[in-house]
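Residues per chain are reported as follows:
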Amino acid sequence: MNCQTCGASMERQVTDLPFKTGNQSIVILKGLPVLQCGNCREYIIEDSVMEKVEAILTKANATAELEIVRYAA
């Protein structure tokens, strides 16, 4: 797959990403698999991974300012 931003090839990577889940809440997912451009660093989260991300985020503590969760494939 090629990057939609710069056209370079996308590579499978594992990274940590923050997700804002409320006005004052952020969840950081560690070890998240993504497709990332080797040139401009743009990334894509595949649909199957995003489904798991959404499930994880719905279980997150809504009263916590910051929560760190490991993504388990």
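Residues numbered from 1 in each chain as written. Predicted model: local features only at pLDDT ≥ 70, side-chain atom pairs only at ≥ 80, totals over all residues. Heavy atoms only, no water.

**Brief notes about the environment of T5**
Inspection of the secondary structure puts T5 in the segment before β1 (10-20). Separated by 28 residues in the primary sequence, T5 and P33 have C-alpha atoms spaced 20 Å apart. What T5 contacts, discounting residues up to four positions off in sequence, is C40 and E42. (Helix = DSSP H or I, 4+ residues; strand = E, 2+ residues; numbered from the N terminus. Contact = heavy atoms within 4.5 Å.)

**Some words on the pairing of strand β4 (residues 66-70)**
Burial runs low along β4: only zero of the five residues are buried. Relative to β4, strand β2 (residues 26-37) runs parallel, the two being bridged by five bridges. When the sheet's bridge partners are listed, V27 is paired in β4 with E67. (Buried < 20%, exposed > 50% of the residue type's maximum accessible area, 1.4 Å probe, protein only. Pairing = 2+ DSSP bridges.)

**As for the side chain of Q36**
In this fold, Q36 is placed in strand β2. Among the residues examined, Q36 registers a relative accessible area of 13% and is labelled buried. Engagement of the side chain of Q36 in a polar contact is seen with the backbone oxygen of R41, the distance being 3.2 Å. What Q36 contacts, discounting residues up to four positions off in sequence, is S9, M10, E11, Q13, R41, E42 and Y43. (Polar contact = N/O pair within 3.5 Å; in protein donor to acceptor, adjacent residues only side chain to side chain.)

**Observations regarding the pattern of salt bridges**
Within the structure shown, the criterion is met by two salt bridges. The salt bridge partner of R12 is E46, with a shortest N-O separation of 2.9 Å. Of this pair, R12 sits in strand β1 while E46 sits in the loop between β3 (43-44) and α1 (47-58); the two residues are 34 residues apart in sequence, bridging distant segments of the chain. E46 gets classed as partly exposed once you look at its relative accessible area, which sits at 27%. For K30, the salt bridge identified is with D16, shortest N-O distance 3.2 Å. Of the two residues, K30 is situated in strand β2 and D16 in strand β1; the sequence distance between them amounts to 14 residues. Look at K30 and you get partly exposed, because its relative accessible area is 28%. (Salt bridge = Lys/Arg side-chain N within 4 Å of Asp/Glu carboxyl O.)

These figures come from the coordinates and say nothing about function on their own.
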